[in-house]
Amino acid sequence: MSTFLLIHGAWHSGRCWERVVPLLEAAGHRVFAPSLTGYGDKAHLLGPEVGLDTHVDDVVGLIAGENLSDVVLVGHSYAGLVISSAAHRIPERIAHLVYLDAMVPEDGESAVDVHPVTQRLIELAEKSESGWRVPPMPEQPAPLGLFGVTDPADVAWLHGMLSDQPVRCLQQPVRLGNPAADAIPRTHIHNVGAMPTGITRRPVPPIQPNGTAAQVWELPTGHDCMITMPTELSELLLKLP
C-alpha cells in the first residue's frame, strides 16, 4: 500500500482530485488531497501574506501531523514548486515525486522564472484595486476551454472551486538546498492536449538527480487531466515503482 498526497495547482482546491481519489483508494492505497491555504475549505484564509512558503508549510505540516512516510507526492502545475520545496524539507518521508504538468524549478527560482508569462499576471494584479489578487485564467473557446476542460458540466464544476491566487505565491523562490532530496525518484507526466496557459516545459534531463533514467509519461488531454482523464491518470500513478 502506498500513501498518495495530491497537491492542487494555482487557483484550484483539493476538490479537483475528487475523481482520482476513489480510484486510488479502490486499489488499496491511502490518499490525501488537501486544499492549500486560501482555497476550498481554507478560502477564508486567503490574503496578501499567503505565499509559496505558506503552501510548503501546509504540505510539510500535514505529513508531520499525520505521521506519514514513504509518501508519493504529486504536484499539479504551480504545485511543482510546492512539492520541490517540501521534498527538500523532509526528504526522508518522500518515496516519489510526481510532476503533473507542473513547474519544475531550480534552486532559488520562482514561478516567474519557470513560467515567465506569470509576470504579466502579477503586473495586472498590482494595478488592480487589491494590488495582490491574481484572478483565474478565463475560459476560452474550445478546444482550450477552462484549463483544458471543455465539457459544460465540468466547466461549471471547476468554476465553483476556483479562487484568486496571491501574488506572493508566484514571487517567492523555492529552497532546494538539501542534497538528500536528490535520492528521491521522480516522474514527469505531461498533458499534451490543448492547454490554455501552456506550462513552459524545460527538457527533462535524461538522468535524474539520483542517477536513474528519467521517467516521462504523456496524457492526450488538457491541463486539468484529473478532471478530464481521471481513470488514465490513476492508472499511471498506480504504475509507479
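Residues numbered from 1 in each chain as written. Predicted model: local features only at pLDDT ≥ 70, side-chain atom pairs only at ≥ 80, totals over all residues. Heavy atoms only, no water.

J.: What am I meant to see in the overall build of the protein here?
T.: Along the backbone of the protein there are 9 helices and 8 strands. Rg of the C-alpha trace for the protein: 17 Å, near the compact-globule value of 18 Å for 241 residues, within the 12% margin. Taking the principal axes of its C-alpha atoms as reference, the protein extends roughly 45 × 35 × 35 Å. Here the protein, with 241 residues, has 53% of them falling under the buried criterion. Separation between the mean location of the 15 positive side-chain charges and that of the 27 negative ones in the protein comes to 2 Å. (Helix = DSSP H or I, 4+ residues; strand = E, 2+ residues; numbered from the N terminus. Rg over C-alpha atoms; globule rule 2.2 N^0.38 Å. Buried < 20%, exposed > 50% of the residue type's maximum accessible area, 1.4 Å probe, protein only. Lys, Arg positive; Asp, Glu negative; His and termini not counted. Charge placed at Lys NZ, Arg CZ, Asp CG, Glu CD.)

J.: Is there a simple way to explain the packing of aromatic side chains in this structure?
T.: Centre-to-centre distance and the angle between the planes together describe a pair of aromatic rings. The full count for this structure, using the stated rule, is 1 aromatic pair. With a centroid separation of 5.8 Å and an interplanar angle of 40 degrees, the aromatic rings of Trp11 and Phe147 are classed as tilted. With Trp11 in the loop between strand E1 (3-7) and helix H1 (21-26) and Phe147 in the loop between strand E5 (133-134) and helix H6 (152-159), this pair connects stretches of sequence that are 136 residues apart. A single burial state applies to Trp11 and to Phe147, both of which are buried. (Phe/Tyr/Trp six-rings, centres within 6.5 Å; stacked < 30°, edge-to-face > 60°.)

J.: I'm lost on the environment of Asp154 in this one. Help?
T.: Considering the arrangement of structural elements, one finds Asp154 in helix H6. Sequence-wise, Asp154 and Glu218 are 64 residues apart; in three dimensions their C-alpha atoms are separated by 22 Å. Asp154 has contacts with Arg19, Val149 and Ile227, leaving out every residue within four places of it along the chain. (Contact = heavy atoms within 4.5 Å.)

J.: Sorry, what's going on with the packing of helix H2 (residues 52-65) against helix H3 (residues 79-89) here?
T.: Helix-helix packing is characterised by the crossing angle of the two axes and by the distance between the axes. Two elements in contact, H2 and H3, have axes separated by 9 Å at closest approach and are oriented at 55 degrees. When the interaxial angle is binned, H2 and H3 end up oblique. As for the relative orientation of H2 and H3, their crossing is right-handed in sense. Contacts between H2 and H3 pair Leu52, His55, Val56, Asp57, Val59 and Val60 from the former with Leu81, Val82, Ser85, Ala86 and Arg89 from the latter. Partitioned by chemical class, the residues of the contact of H2 with H3 number 7 nonpolar, 2 polar and 2 charged. (Axes fitted to C-alpha atoms, helices over the stretch in contact; angles between N-to-C directions. Parallel < 35°, antiparallel > 145°, perpendicular 65-115°, else oblique. Left-handed = near helix turned anticlockwise from the far one by under 90°. Nonpolar A, V, L, I, M, F, W, Y, C, P; charged D, E, K, R; others polar.)

J.: Hey, could you run me through the sheet that holds strand E4 (residues 94-100) in this one?
T.: Strand-to-strand pairing in sheets goes through backbone hydrogen bonds, with the strands running parallel or antiparallel. Spatial strand order, E2-E1-E3-E4-E7-E8: 6 strands in an open sheet with parallel pairing. Because the sheet does not close on itself, it has two edges, and the strands there are strand E2 (30-32) and strand E8 (215-219). Averaged over all pairs of adjacent strands, the angle between their axes in this sheet comes to 20 degrees, without regard to strand direction. Direction of pairing for E1 relative to strand E3 (residues 71-76): parallel, over a ladder of 5 bridges. Bridge pairing in E3 links Thr3 to Val71. The strands touched by H2 are E1, E2, E3 and E4; relative to E1, the strand with the most contacts, the crossing angle is about 160 degrees. Sitting on the sheet, helix H9 (residues 230-238) touches E1, E3, E4, strand E7 (186-191) and E8, and the angle it makes with E8 is about 165 degrees. (Pairing = 2+ DSSP bridges.)

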